[in-house]
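Descriptive analysis of the structure
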2 protein chains.
Amino acid sequence: MTGRIVIALDAMGGEHAPEIVVKGAAIAQQRFPQAEFLFYGVEERIRACLAKLPALAPRAIVHHTDEFITDDVKPSVALRGGRRSSMRLAIDAVASGEADCVVSAGNTGALMGMAKFALKMIPGIDRPAIASFFPTQRGESVMLDLGANVHCDSENLVQFALLGDVFSRTVLGIAEPSVGLLNVGAEEQKGHDAVRGAAVRLRGPGAPVHFHGFIEGDDIAKGTVDVVVTDGFTGNVALKTAEGTARLFAEFLRAAFTNSWSARFGYLFAYRSLAKLRKRMDPRRYNGAVFLGIQGICVKSHGSTDELGFANAIGVATDMAMNGFLDKVHEEVLQLAAAAAPDKTTAAL
Amino acid sequence: MTGRIVIALDAMGGEHAPEIVVKGAAIAQQRFPQAEFLFYGVEERIRACLAKLPALAPRAIVHHTDEFITDDVKPSVALRGGRRSSMRLAIDAVASGEADCVVSAGNTGALMGMAKFALKMIPGIDRPAIASFFPTQRGESVMLDLGANVHCDSENLVQFALLGDVFSRTVLGIAEPSVGLLNVGAEEQKGHDAVRGAAVRLRGPGAPVHFHGFIEGDDIAKGTVDVVVTDGFTGNVALKTAEGTARLFAEFLRAAFTNSWSARFGYLFAYRSLAKLRKRMDPRRYNGAVFLGIQGICVKSHGSTDELGFANAIGVATDMAMNGFLDKVHEEVLQLAAAAAPDKTTAAL
């Protein structure tokens, strides 16, 4: 797809809305000059932001609504009472075909609930998974599920492997991504039933992905595989543990550079190189958690990010839309079903 | 206990055995001058190491055996066939009361299997847990289980909370440790049945610990609590993810300091401060994973550590023995049982 691309934005989601949403769109527009933006939220406030961005204004359409979803609202309440909210209207734009994708920095549970309800699941995928990419020693990898499902069975994990594979291909441009299942050891007998069962399926004939095997927690940052598949409980803990460790290290590093005049002096000379390090680990660069498995492209931005982070989330959504993520998933699901069918016949003999 | 302390050592476990085991004992002896060491392994090789350590030699007794457990042996095989192995003889020294604790850098699964078999479980504790401490923004915390149990129910997690609490008090000297349950969110309804059930028990009357509540992955490095309790699957992934992330950061930092002459020059001035950072994050400092719940003190050292790391593992075992870890656990288990009893009566009304 090289032509028109329409991006629906929940202009009221996140701590610094609508400012960072509008400014983020302006940054994303530089990368995607053909993009058009639909903003949902308080018109007056959105217009005030747009007034300072003359290049973006002609490619922006504002849909006014006074309602928005706060962070403390439960998904079920948001779903029932939030039909006119900025979040829901932005999702509906994708459901009706008006927009190609939606991005929100609002309430994660509400966004997931509304997206599932309004966009429906992709036939053949039972549950949505949250995916995101992150820095590794080899470049960038993808991990899912990061928290949509506390419990996952083998079949869910196999489907996540398929979704992660297509996501890696369409967003990171990796031709044949390697997929690993997160476990407590590399040996076949390690782990619980769900990971062992999924491994059997992924090693078998007609497997939808290039399966590396089991990986362990330290393989995540090593970049041993392009796609890390796990249940939402483990994935959420792993993601946040990695974030916490990176912050601890940064904190210790800051302390090291300020605890003597000699170190401060050294810092001046190393400044430029350390700025590169900071950039490499910058969480804004990896902003944009994607809800995979849903019949529509929906990306969640971190709630406290700035315009640069929000622009990256828009970038993820736009890459998925432009590179035909949904069509590719449909294809893969059909192939998976076809591969599974003769297996079932054999089993019945 | 201020008097005699006897430490049994598997002199043949780990990549650099017996050298690092003997040298590690010599380092530990400086901290614990009253300690006596029982070495199990190939006498000739152990004696060759001891010959270079005149201060240690008079406090060392060598028990010869040719047999040892390799890293690729399954626990069940080690248990049946390894009765005369250096690992098993060292454990037996604790079982017979000859030694106060045992340390091995050998095969983890075999060590756990043998320790459970020869030392038995503490009455009232159903399963052993692997615990270790790690650096945080506030100092040091403890996490368990790190991999002994892939599946854990609420009762297991409550028992781990108790074990972690006593471990934190006896080894880190924290008077009233705060205990957190690792979960995907802080709210009561988050997570699966095991964590929610354990939280109800730990919030209730007669709870054995000072319960903080649920914590998330990023709270581990923040040091939000003194004791992090989780199942062995999640704990193993979290620990290894943290290790991998720290290594990634160190790798990026090294690259930053070598990618320009200016940065290299800066490094010279910051060297001393960065050495402190390295020391703070040094994995040898946190070496020594403890098998809690077993009727005896058994510490597993990392297989590839050096003498400094091994000495730290000995230190953990010795602290536990000297501060009466086992007696304190027995007391707590009795209190927990007493507190649970009236509850059951109430429930029966």
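Residues numbered from 1 in each chain as written. Chains lettered and ligands numbered in written order. Predicted model: local features only at pLDDT ≥ 70, side-chain atom pairs only at ≥ 80, totals over all residues. Heavy atoms only, no water.

1. Brief notes about the side chain of Ser104 of chain B
Residue and element names in this part refer to chain B. Looking at the secondary structure, you find Ser104 in strand 4 (residues 101-104). Residue classification places Ser104 among the buried positions, given a relative accessible area of 1%. In this structure the side chain of Ser104 is engaged in a polar contact, spanning 2.7 Å, whose partner is the side chain of Asp10. In this structure the side chain of Ser104 is engaged in a polar contact, spanning 3.0 Å, whose partner is the backbone nitrogen of Gly106. Beyond its immediate chain neighbours, meaning those up to four positions away, Ser104 contacts Asp10, Met87, Leu111, Val299, Lys300, Ser301 and Phe310. (Helix = DSSP H or I, 4+ residues; strand = E, 2+ residues; numbered from the N terminus. Buried < 20%, exposed > 50% of the residue type's maximum accessible area, 1.4 Å probe, protein only. Polar contact = N/O pair within 3.5 Å; in protein donor to acceptor, adjacent residues only side chain to side chain. Contact = heavy atoms within 4.5 Å.)

2. Here we look at the packing of helix 6 (residues 154-172) of chain B against helix 11 (residues 307-322) of chain B
Residues and elements named next belong to chain B. Interhelical geometry of helix 6 versus helix 11 gives an angle of 100° and a closest axis separation of 8 Å. Accordingly, the angle class assigned to the pair helix 6 and helix 11 is roughly perpendicular. Mapping the contact onto sequence places Phe167, Thr170 and Val171 in helix 6 and Val316, Asp319 and Met320 in helix 11. A class-by-class count of the residues in the contact of helix 6 with helix 11 yields 4 nonpolar, 1 polar and 1 charged. (Axes fitted to C-alpha atoms, helices over the stretch in contact; angles between N-to-C directions. Parallel < 35°, antiparallel > 145°, perpendicular 65-115°, else oblique. Nonpolar A, V, L, I, M, F, W, Y, C, P; charged D, E, K, R; others polar.)

3. Things to note about the domain arrangement of chain A
Residues and elements named next belong to chain A. By domain assignment, chain A separates into domain 1 (1-123 + 295-349) and domain 2 (126-292). Here the C-alpha centre of domain 2 lies 23 Å away from the C-alpha centre of domain 1. The partner domain 2 presents 26 residues to the 30 residues of domain 1 that form the contact. The contact between domain 1 and domain 2 buries some 2,300 Å² in all, and 69% of this surface belongs to carbon and sulfur atoms. The largest contributions to the domain 1 side of the interface with domain 2 come from Met112, Glu332 and Leu336, which together make up 25% of the buried area. Notably, a salt bridge pairs Glu332 with Arg169, separated by 2.8 Å at the nearest N-O pair. On the surface where domain 1 and domain 2 come into contact, there are 9 residue pairs in polar contact (both at pLDDT 80 or more). Elements represented by at least two residues in the side of domain 1 that touches domain 2 include exactly helix 5 (108-119), strand 11 (297-300), helix 11 (307-322) and helix 12 (325-348). (Domains from an automatic or database assignment. Buried area = accessible area lost by both parts, 1.4 Å probe. Salt bridge = Lys/Arg side-chain N within 4 Å of Asp/Glu carboxyl O.)

4. Details of the pattern of salt bridges
Should the charged atoms of two oppositely charged side chains come close, the side chains can pair. All names here are of chain A. Taken as a whole and judged by the stated rule, the model has 30 salt bridges over all chains. Notably, a salt bridge pairs Asp319 with Arg31, separated by 2.9 Å at the nearest N-O pair. A residue pair is termed long-range when its members are at least 10 positions apart, and Asp319 in helix 11 and Arg31 in helix 1 (residues 19-31) qualify at 288 residues. Notably, a salt bridge pairs Asp282 with Arg284, separated by 2.9 Å at the nearest N-O pair. On the accessibility criterion, Asp282 (18% relative accessible area) is buried. Ionic contacts of the salt-bridge type, sharing partners, join the residues Asp165, Arg169 and Glu332 into one network.

5. Some words on a nonpolar patch on the surface
Taken together, Phe265 and Leu268 of chain A together with Phe265 and Leu268 of chain B make up a surface patch of nonpolar side chains, about 430 Å² in accessible area. When residues of the nonpolar patch are traced back to their parent elements, those giving at least two are helix 10 (261-281) of chain A together with helix 10 (261-281) of chain B. Tracing the chain through its elements places Leu268 of chain A in helix 10. (Patch = residues over 30% accessible without salt bridge, like charges linked within 9 Å, V, L, I, M, F, W, Y side chains within 5 Å. Areas by Shrake-Rupley, 256 points an atom, 1.4 Å probe, with all protein chains shown as cover.)

6. Examining the sheet that holds strand 8 (residues 210-215) of chain A
All names here are of chain A. Spatial strand order, 3-2-1-4-11-10-5-6-9-7-8: 11 strands in an open sheet with mixed pairing. Each having just a single partner strand, strand 3 (60-64) and strand 8 make up the two edges of the open sheet. Pairwise comparison of adjacent strand axes, ignoring direction, gives a mean angle of 25° for this sheet. For strand 2 (residues 35-41) and strand 3, the ladder comprises 5 bridges, and the chain directions are parallel. Counterpart to Phe39 in the pairing with strand 3 is Val62. Of the strands in this sheet, strand 1 (5-10) and strand 2 touch helix 1, which is tilted by about 175° from strand 2. (Pairing = 2+ DSSP bridges.)

7. Remarks on the relation of the copies chain A and chain B
Overlaying chain A on chain B yields an RMSD of 0.0 Å, the required transformation being a rotation through 180° with an accompanying axial translation of 0.0 Å. What the superposition gives is, in effect, a two-fold axis relating one chain to the other. Residue Gly266 of chain A of chain A places its C-alpha closer to the rotation axis than any other residue of that unit, at 1.9 Å. When you check the interface residues of chain A against chain B, 100% turn up at the interface there too, and the contact is symmetric in its surfaces. (Least-squares fit on C-alpha atoms with pLDDT ≥ 70 in both.)

8. Considering the confidence of the model for chain A
Residues and elements named next belong to chain A. Counting all residues, the mean pLDDT for chain A is 92, and 97% of those residues have values of 70 or more. Taken as a whole, residues 344-349 scores under 50 in pLDDT and shows 0 contacts with residues more than four places along the chain or in a different chain. Here the predicted complex scores 0.91 on pTM and 0.89 on ipTM. (pLDDT = per-residue confidence, 0-100.)

9. Some details on the interface of chain A and chain B
Contacts between the two partners involve 54 residues from chain A, matched on the other side by 54 residues from chain B. Together, the buried faces of chain A and chain B total about 4,900 Å²; carbon and sulfur atoms form 73% of this surface. On the chain A side of the interface with chain B, the three residues burying the most area are Phe233, Phe249 and Phe252 of chain A, jointly 15% of the side's total. Counting every contact that joins chain A to chain B gives 4 residue pairs in polar contact (both at pLDDT 80 or more). Within the residue set of the side of chain A that touches chain B, elements represented by two or more residues are strand 5 (129-136), helix 8 (217-222), helix 9 (232-258) and helix 10 of chain A. No other element matches helix 9 of chain A, which puts 22 residues into the side of chain A that touches chain B.

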